[in-house]
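Tertiary structure, described
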Amino acid sequence: IGMNFDADVFRVSVAPLQLQLKNATFNDKITGDKLFFITDAKFGLTVQNLYDWQLSRDISIDTTDVDGAEVWVKFDKNGRSNFANLKFVEEETRVNFTYSSVKFSLKNGLVHFGDLSRKIDANAKNIVFSLEPENYEVPDEQKRYNFNFNSTESNFIYDGNAVEPIDIRAKGIADENGAEISELNLTT
């Protein structure tokens, strides 16, 4: 997909079926720019129709637990993102991953944001984020997801003028059409 990947630990266990990453770095394959870093992550997996006779396999990523992640989002003076070189493959392959029923949790997250054309810099610190289907029983295309986002001691800099510290809390329900935010608190 246009990314280089390196990790101290990349391990798959069978019982339970789980992928574990430790100190994983993801860089743009062309520019070498760092895109994100994961300190520790565990992915709970299920192989769909394990014993069916078929040439391809669907693997469901049921749970994702990340403790420590750092992401760099940058836009140059022409508005081009540091993620612009990534190519996401949509075609069916021998192993296909599905994420639609995922339960996701992140703690100890940090996002660095920079936009040269708009003179914006920001750091979202101490991020805690969770996402979980509201009802696991409905078909995937109808699923709605409860989300909860917190960030503390963050900052926002526009044209050299800083606002800090910033704390954000948001809760709600999201689906493919958008989100209903039930709580949004922003303090500085």
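Residues numbered from 1 in each chain as written. Predicted model: local features only at pLDDT ≥ 70, side-chain atom pairs only at ≥ 80, totals over all residues. Heavy atoms only, no water.

Ranked by size, the top nonpolar core spans 18 residues in total, and within it Leu21, Phe26, Ile38, Ala41, Phe43, Leu45 and Val66 carry the most contacts. Among the elements of the structure, β2 (18–28), β3 (34–48) and β4 (57–75) are those that each provide at least two residues to this core. With 5 residues, the single largest contributor to this core is β3. Ignoring sequence-local partners within four residues, the contact set of Phe26 consists of Met3, Asn4, Phe5, Leu21, Asp33, Lys34, Leu35, Phe36 and Ile38. (Core = buried A, V, L, I, M, F, W, Y, C linked by side-chain atoms within 4.5 Å. Buried < 20%, exposed > 50% of the residue type's maximum accessible area, 1.4 Å probe, protein only. Helix = DSSP H or I, 4+ residues; strand = E, 2+ residues; numbered from the N terminus. Contact = heavy atoms within 4.5 Å.)

Scanning all chains against the criterion turns up 6 aromatic pairs. Geometrically, the ring pair formed by Phe26 and Phe36 is stacked, given 4.3 Å between the ring centres and 20 degrees between the ring planes. Taken as a pair, Phe26 in strand β2 and Phe36 in strand β3 lie far apart in primary sequence, 10 residues in all. Ring-pair connections join several aromatic residues into one group, and the members of that group are Phe5, Phe10, Phe26 and Phe36. (Phe/Tyr/Trp six-rings, centres within 6.5 Å; stacked < 30°, edge-to-face > 60°.)

Following the sequence through the fold, Thr188 ends up in the segment after β10 (178–187). Sequence-wise, Thr188 and Ser154 are 34 residues apart; in three dimensions their C-alpha atoms are separated by 9.2 Å. The residues contacting Thr188, other than those within four sequence positions of it, are Val163, Glu164, Pro165 and Ile166. A polar atom in the side chain of Thr188 sits 2.7 Å from the backbone oxygen of Pro165. (Polar contact = N/O pair within 3.5 Å; in protein donor to acceptor, adjacent residues only side chain to side chain.)

Residue Pro16 follows Ala15 across a cis peptide bond; omega there is 0 degrees. Position of Pro16 relative to the elements: it lies in the loop between β1 (3–13) and β2. Between Glu164 and Pro165 the backbone carries a cis peptide bond, its omega angle lying at -10 degrees. Of note, Pro165 is situated in strand β9 (residues 161–175). Of note in the backbone geometry, Asn23 takes a positive phi value of approximately 50 degrees without being a glycine. Relative to the elements of secondary structure, Asn23 occurs in strand β2. By relative accessible area, which is 30% here, Asn23 ends up partly exposed. In this model, Glu153 sits at a positive phi of 55 degrees, which is unusual for a non-glycine residue.

Let us now look at the pairing of strand β6 (residues 103–115). Two strands pair when backbone bridges link them, and β4 and β6 are joined in this way by 12 bridges, in the parallel orientation. Each residue of the ladder has a partner; that of Asp67, found in β6, is Lys107. Both β6 and strand β7 (residues 120–133) contribute to a ladder of 9 bridges, which runs antiparallel. Bridge assignment links Asp115 to a residue of β7, and that residue is Ile120. (Pairing = 2+ DSSP bridges.)

This paragraph deals with a nonpolar patch on the surface. Where nonpolar side chains cluster on the molecular surface, the patch consists of Ile168, Ile181, Leu184 and Leu186 and spans about 400 Å² of accessible area. The element that contributes the greatest number of residues to the nonpolar patch is β10, accounting for 3 residues. Structurally, Leu186 can be placed in strand β10. (Patch = residues over 30% accessible without salt bridge, like charges linked within 9 Å, V, L, I, M, F, W, Y side chains within 5 Å. Areas by Shrake-Rupley, 256 points an atom, 1.4 Å probe, with all protein chains shown as cover. Salt bridge = Lys/Arg side-chain N within 4 Å of Asp/Glu carboxyl O.)

This part is about the environment of Glu180. Here Glu180 is to be found in strand β10. Residues Glu180 and Asn146, spaced 34 residues apart in sequence, show a C-alpha to C-alpha distance of 9.7 Å. In this structure Glu180 touches Arg144, Phe147, Lys171, Gly172 and Ile173, once residues within four positions along its chain are discounted. There is a polar contact of 3.4 Å between the side chain of Glu180 and the side chain of Arg144.

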